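Residues per chain, in single letters:
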Amino acid sequence: MCIYIKASKIYCEEGGEKGFLKLEKGKFAGTYEEIPKGAEYIDYGNHRIIPGIFDTHNHGAMGYSVKRRKTKDCIEEIRGYLKALPAHGVTMVFPTVMGDFGHEAIAQVTEEKLHGARIAGIHSEGPYLSRVGENGRPKPYPEISLEATRHIVKRSGGKLKLFALAPEIHGTEEVIQYLIEHNITVAIAHSNCNAMLTRKAIDDGITVATHLGNVMTGIHHRDIGVLGVCLLDDRVDCELICDGIHICNDMLQLILKLKDNRRIMMISDGTPFSGAPAGMYAGETNGSVLQVEKDGRILDEDGRINGSSKTVLDGIRNLVENLHMPLEEVLPMASLNPCRKYGFADTKGSIAPGKDADFVVIDEGFQVVATYIMGEKVYSIGQKGELYNPDFIELNKLL
């Protein structure tokens with residue numbers, strides 16, 4: 001059985017097209033200007049169809065977190081989180097944990113068939129991190145333990161795809177080699193490395209820069225730091241938050257001019273505060289307080305940006321509306337590029353015949369109208385209020 005979807009523009013791998021998108025057995029089966037007489041179709045009018053978003057760095061969404069310490073609690077959170085993500089156009093995700101907990105619960109939920117975004121793997125941001133960012137209080141280096149790393153890999157049940165660390169910490173060389181031997185991609189993150197140490201880390205096997213520009217040494221005219229080296233080195237794929245808050249638009253323009261855009265992967269660095277109203281909230285660390293601003297930024301008690309309440313789609317809108325980039329040039333950075341990096345491009349990441357029918361219908365304001373995964377509608381705009389965690393605001397809002 002086939003289904004036809006009509007929209008004002010369909011952003012296929014070869015460019016934007018008008019007409020009808022054909023779906024068959026959960027796969028894309030081509031685009032057509034006309035369809036057989038009498039064939040039924042779903043008409044989305046003036047809305048546009050884009051590929052499903054693959055967010056490789058996401059800690060939570062719509063009141064749900066992937067950071068609960070107790071496995072049972074974490075499993076329930078992840079189920080709600082996966083159902084909520086399609087409201088942001090996300091069809092694939094790397095749930096991103098910090099520290100040494102959450103891996104086992106995510107691995108368990110990965111095997112479940114849920115009506116929501118698909119887990120493509122686990123992203124472990126830490127626990128071996130160094131830099132704490134602007135205005136942050138310096139902390140001692142965490143102790144490096146190869147045995148603890150083995151334990152994280154084991155508890156991830158073969159689902160760990162990305163492990164981020166600060167390579168200047170003594171002992172990380174052995175950890176990097178162990179991870180690479182187990183086919184786990186290694187990223188540089190929260191790092192005080194200078195240019196020389198960054199180049200060494202890349203030579204050792206690091207191939208991803210975690211949220212490029214954030215919590216890493218920036219470009220100075222006598223040392224280009226982590227940021228500069230990752231821009232210049234073609235071996236490095238760069239996560240990039242494009243909301244205009246984490247990185248100003250002038251710097252985004254510089255990055256996108258310097259770096260081959262095929263090596264850019266748009267991310268959200270999303271948190272449970274995505275979609276939360278402005279106000280003061282209890283943070284996920286005991287005793288911490290976070291402020292959600294009206295513009296969407298999240299600040300900790302030191303005034304530092306702490307995660308995001310924006311989405312990848314917000315970043316897409318920023319690049320199109322404020323940097324005046326064509327939408328067809330922006331979309332691969334949110335979908336196809338991460339699929340290429342992590343081995344899913346044969347079946348995911350773009351609208352092309354034979355690929356899985358993962359796509360998003362958006363309106364002129366870049367709001368999600370509907371999200372489909374494997375040809376099945378998993379989100380419709382009227383559901384958004386139902387998907388938000390009902391307990392989150394009540395339990396966490398302080399003011």
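Residues numbered from 1 in each chain as written. Predicted model: local features only at pLDDT ≥ 70, side-chain atom pairs only at ≥ 80, totals over all residues. Heavy atoms only, no water.

A. Geometry of the overall build of the chain. Looking only at helices and strands, the chain features twelve helices and 23 strands. If you line up the chain on its principal axes, its C-alpha atoms span 70 × 45 × 40 Å. Within the chain, buried positions represent 56% of all 399 residues. Relative to all contacts within the chain whose residues are 6 or more apart in sequence, the contacts with residues 24 or more apart total 68%. Split by element, the accessible area of the chain, about 17,600 Å² in all, is 49% carbon and sulfur. Positive and negative charge centroids in the chain, built from 45 and 54 side chains respectively, lie 1 Å apart. (Helix = DSSP H or I, 4+ residues; strand = E, 2+ residues; numbered from the N terminus. Buried < 20%, exposed > 50% of the residue type's maximum accessible area, 1.4 Å probe, protein only. Contact = heavy atoms within 4.5 Å. Areas by Shrake-Rupley, 256 points an atom, 1.4 Å probe, with all protein chains shown as cover. Lys, Arg positive; Asp, Glu negative; His and termini not counted. Charge placed at Lys NZ, Arg CZ, Asp CG, Glu CD.)

B. Representation of helix α7 (residues 249–258). Among the residues making up α7, those that are buried are Leu252, Ile255 and Leu256. Across the axial projection of α7, the buried residues extend over an arc of 95°, all falling on one side. In α7, the exposed residues that point more than 90 degrees away from the buried face are Asp250, Lys257 and Leu258. (Arc of directions from axis to C-beta.)

C. The arrangement of a nonpolar patch on the surface in detail. On the surface, Met1, Ile3 and Ile42 cluster together to form a nonpolar patch covering roughly 310 Å² of accessible area. Relative to the assigned elements, Ile42 resides in strand β4 (residues 41–43). What makes Ile42 partly exposed here is its relative accessible area of 32%. (Patch = residues over 30% accessible without salt bridge, like charges linked within 9 Å, V, L, I, M, F, W, Y side chains within 5 Å. Salt bridge = Lys/Arg side-chain N within 4 Å of Asp/Glu carboxyl O.)

D. Structural context of the state of the cysteines. Under the counting rule described, the total for this entry stands at zero disulfides. Distance from the sulfur of Cys193, which forms no disulfide, to the nearest cysteine sulfur (Cys230) is 9.4 Å. Relative accessible area serves as the criterion here: at 0%, Cys193 is assigned to the buried category. Just so you know, Cys242 is unpaired, no disulfide at all, and the nearest cysteine sulfur is the one on Cys238, 11 Å from it. Residue Cys242 is classed as buried on the basis of its relative accessible area, which comes to 2%. (Disulfide = S-S within 2.5 Å.)

E. Spatial organisation of unusual backbone geometry. In this structure, Pro127 follows Gly126 across a cis peptide bond, with omega equal to 20°. Of note, Pro127 is situated in the loop between β11 (122–125) and α3 (146–155). In this structure, Met62 is a non-glycine residue whose phi angle is positive, near 50°. Relative to the assigned elements, Met62 resides in the loop between β7 (60–61) and β8 (64–65). Of note in this structure, Phe366 is not a glycine but carries a positive phi near 65°. For Phe366, the location among the structural elements is in the loop between β21 (359–362) and β22 (368–373).

F. Seen up close, the pattern of salt bridges. Taken as a whole and judged by the stated rule, the model has 18 salt bridges. Between Glu147 and Arg150 there is a salt bridge, with its nearest N and O atoms 3.3 Å apart. With Glu147 and Arg150 both in helix α3, this residue pair falls three residues apart, about one helical turn. Look at Glu147 and you get exposed, because its relative accessible area is 53%. Note on Arg150: relative accessible area 37%, which makes it partly exposed. Close ionic contact of Arg317 with Asp314 constitutes a salt bridge, the shortest N to O distance being 2.5 Å. With a gap of three residues between them, Arg317 and Asp314 both fall in helix α8 (residues 312–321), about one helical turn apart. Pair check on accessibility: Arg317 and Asp314 agree, each one buried.

G. Broad picture of the sheet that holds strand β20 (residues 305–308). The sheet built from four strands is open, its strands ordered β17-β18-β19-β20 with antiparallel pairing. The sheet is open, and its two borders are formed by β17 (279–282) and β20, each paired with just one other strand. Taken pair by pair, the neighbouring strands of this sheet meet at an average axis angle of 35°, ignoring direction. Pairing between β17 and strand β18 (residues 289–292): four bridges, direction antiparallel. Following the sheet pairing, Tyr281 is matched in β18 by Leu290. (Pairing = 2+ DSSP bridges. Axes fitted to C-alpha atoms, helices over the stretch in contact; angles between N-to-C directions.)

H. The arrangement of the packing of α3 against helix α4 (residues 172–181) in detail. Contact geometry of α3 with α4 gives a least axis separation of 10 Å together with a crossing angle of 25°. Comparing their axes, α4 and α3 come out roughly parallel. Handedness of the α3/α4 crossing: right-handed. Along its contact with α3, which presents Leu146, Thr149, Arg150 and Val153, the element α4 presents Glu174, Val175, Tyr178 and Leu179. Taken together, the residues of the contact of α3 with α4 break down into five nonpolar, one polar and two charged. (Parallel < 35°, antiparallel > 145°, perpendicular 65-115°, else oblique. Left-handed = near helix turned anticlockwise from the far one by under 90°. Nonpolar A, V, L, I, M, F, W, Y, C, P; charged D, E, K, R; others polar.)

I. Spotlight on the nonpolar core. Ile78, Leu212, Ile316 and Leu319 are the most contacted members of the largest nonpolar core, which has 91 residues in total. The dominant element in this core, judged by the number of residues it contributes, is helix α1 (residues 71–84), at six residues. Core analysis: the next-biggest nonpolar cluster, separate from the first, contains 16 residues, Ala7, Leu21, Phe359 and Tyr372 among them. (Core = buried A, V, L, I, M, F, W, Y, C linked by side-chain atoms within 4.5 Å.)

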